[in-house]
Amino acid sequence: MTWYVNGIELRPTERTRIVKEGRTIVLIIINVAPQDSGEYTLKLENERGEVTCKTTLVIKGRQKVVELPDLEKTETLTFTRTVTTVQREEQVVTQLVKPVVVTPLEPEIYVRERGIARLECQIDSYPPPLVTWFVNGVEIKPSPHYEIIFEEGKSTLLIIEVGPEDTGEYTCRAVSELGEAISSTTLYVQEPLKEEMPTMPAQTLAVEPSPMMEGMVAPQFLEPLPTLQAIDGQEIKMSCRVAGVPMPRISFFHDSKNIDEDEEFVITYDKETGEISLIIVEVFPEDQGQYICVAENPAGQATTTAYLTIIESEETTMELEAQPQEITAYSWRRSCLYSSNPNSRRAHGNRRTEAC
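Source: prediction; values computed, not measured. Throughout, residues of each chain are indexed from 1 in the direction in which the sequence is written. For this predicted model, a pLDDT threshold of at least 70 governs which residues receive local features, and a threshold of 80 or more governs which side-chain atom pairs are given and counted, while totals over whole chains, interfaces and linings are taken from all residues. Note that the side-chain values use all heavy atoms of the structure and ignore hydrogens as well as water.

Peer 1: Explanation requested: the side chain of glutamine 190 in the structure shown.
Peer 2: Numbering goes from the N terminus for both helices and strands, where a helix is a DSSP run of H or I of at least four residues and a strand is a run of E of at least two. If you trace the backbone, glutamine 190 turns up in strand S18 (residues 179-190). Any two residues having at least one pair of non-hydrogen atoms within 4.5 Å are treated as being in contact. Sequence-distant contacts of glutamine 190, defined by excluding residues within four places in its chain, comprise Tyr110, Val111, Arg112, Glu113, Arg249 and Pro298.

Structure, rendered in C-alpha cells:
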C-alpha cells in the first residue's frame, strides 16, 4: 500500500497521516495549503496483480468584498476560504494466468449402470479458458446424454443414464492463449443394484485379482450392525463402520428387500470415516426383522447382519382399551407426520387405525 502525490511517494510526516480502518484507507492532510494541490494516487498490489485509485486535489482562494457602514471611509476586507475539488479514477491491472488444474479428476470413478456419473475438476486460469471434454480421444458434445457445466473455475461433466458403453478414459482439456491444462480419469460402469438381497455364503466375497485392481482392498466391516430391541413407536438407530480401498458403496436390505430408496428409512454414510447409520424415526411392528448392510467395491463385497425386535408398549395397549376414538385420531396424526407420500405405509395409517 503506497500513496503518491504528483508521482512522488508520499511518506507520513507531521502534516500527513495514513490510517487504515477495516477495508478503508484514509490519507489525512493537516493544515492544508495551496501547495498540497496535485494528483494523489493510492497503489495496492500483491502477487496476482495491482489496483490503483487516483484523485485530484485542487485548493484555491475566493475573495469576497464586505462594506462596513460604521466607517467614515469605505474599507475593503478580503476573506479567503478553501475550495477543494476531487476527481476519482480507478484503474485495475489483472495478472494473466495460464490454465492450471487445481483439483484434478479422480484417477478412477465407479458408477452403477442407469445412474448418473459426475466428473469434476477445478481449473485456475485468466482469462477463462475454453474447456473441452473427450472420451477415448473423441470430443464430447452437449446432448441429452451429456451435460457440460463450467462455473467459477469448476468444469463438470454429467453423464445421464450411464450404460456399459460409457466405460472408458475421460479427459478434460482447458485451453487459453497462454497454454493448456489436462486432467484424465477412467470410468468403470458396474451392474445396477438388485432389488432382492443376493445369496452370499460368506461374510466377505473376494474377487479374482487383476492388474487393474492393484492397491485395492476388499470391504471389511470394522464394527458390525448391532441386534436391537425397540418399543413400538420409538426412534432407533443402527450403526456400523466399514473400510476398503476404494471406499465401498453400501446398500441396506430388510428381510431381503432393498430399502435404499424407501422414504421410511434414513441412511447416512460418511466415506471419510466409514461410519454408516440406518435411522427409523418411528418403529412399528412391521419394521421387525433381519437387516443387512452390503458394502461393495471392485475388489470384493462384505455384509453385516442384525435382527430388530419390536416390543409392544404397555402404555399403548392401555390407551387403546380406554380411549379408542382418541387413539384413532392420534394414530392418524402420527402416521401423517413422517410421510407426504400417499402410498406410504404411514400415510395410510394402517398400523393402529386398523386395530381400532
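Peer 1: Quick question: what am I supposed to make of the environment of serine 155 here?
Peer 2: Among the structural elements, serine 155 can be located in strand S16 (residues 154-159). Sequence spacing of serine 155 and tryptophan 133 is 22 residues, and the spatial spacing of their C-alpha atoms is 9.4 Å. For serine 155, the residues in contact, after removing those within four places along its chain, are Leu119, Glu120, Cys121, Ile123, Val131, Trp133, Ile149, Phe150 and Cys172.

Peer 1: Please explain the sheet that holds strand S25 (residues 266-270) as it appears in this structure.
Peer 2: Strand-to-strand pairing in sheets goes through backbone hydrogen bonds, with the strands running parallel or antiparallel. DSSP calls a pair of strands paired once it identifies at least 2 bridges connecting them. If you walk across this open sheet you meet the four strands as S20-S22-S26-S25, and the pairing is antiparallel. Bordering the open sheet on either side are strand S20 (217-223) and S25, each of which pairs with just one other strand. Geometrically, the sheet is characterised by an average inter-axis angle of 25 degrees between neighbouring strands, direction not taken into account. Where strand S22 (residues 236-245) meets strand S26 (residues 275-280), six bridges bridge the pair, whose relative direction is antiparallel. Paired with serine 239 across the strands is serine 277, a residue of S26. The axes used here are C-alpha line fits, helices contributing only the stretch in contact, and every angle between their N-to-C directions lies in the interval 0 to 180 degrees.

Peer 1: Can you walk me through the packing of aromatic side chains in this structure?
Peer 2: The relative placement of two aromatic rings is captured by the distance of their centres and the angle of their planes. Stacked, edge-to-face and tilted are the three classes for Phe, Tyr and Trp ring pairs, Trp counted by its six-membered ring, which pair at centre distances within 6.5 Å; planes under 30 degrees apart are stacked, over 60 edge-to-face, the rest tilted. Per the counting criterion, the structure on display carries two aromatic pairs. For the pair tyrosine 110 and tyrosine 188, a centre-to-centre distance of 5.1 Å together with 20 degrees between the ring planes defines the contact as stacked. Within this pair, whereas tyrosine 110 is found in strand S11 (residues 108-112), its partner tyrosine 188 is found in strand S18, the two being separated by 78 residues in sequence. The class of tyrosine 110 is buried, set by a relative accessible area of 9%. Overall, the relative accessible area of 17% leaves tyrosine 188 in the buried class. Ring plane angle 65 degrees and centroid distance 6.3 Å describe the contact between phenylalanine 265 and tyrosine 291, whose orientation is recorded as edge-to-face. Buried, partly exposed and exposed residues are distinguished by accessible area as a fraction of the type maximum, computed with a 1.4 Å probe on protein chains only: under 20%, between the cut-offs, and over 50%, respectively.

Peer 1: Please clarify how the state of the cysteines should be interpreted in this entry.
Peer 2: Every disulfide links exactly two cysteines, by a covalent bond between their sulfur atoms. Two cysteine sulfur atoms form a disulfide, by the criterion used here, when they sit within 2.5 Å. For the structure shown, the criterion picks out zero disulfides. With no disulfide of its own, cysteine 293 lies closest to cysteine 240 among cysteine sulfurs, the gap being 4.3 Å.

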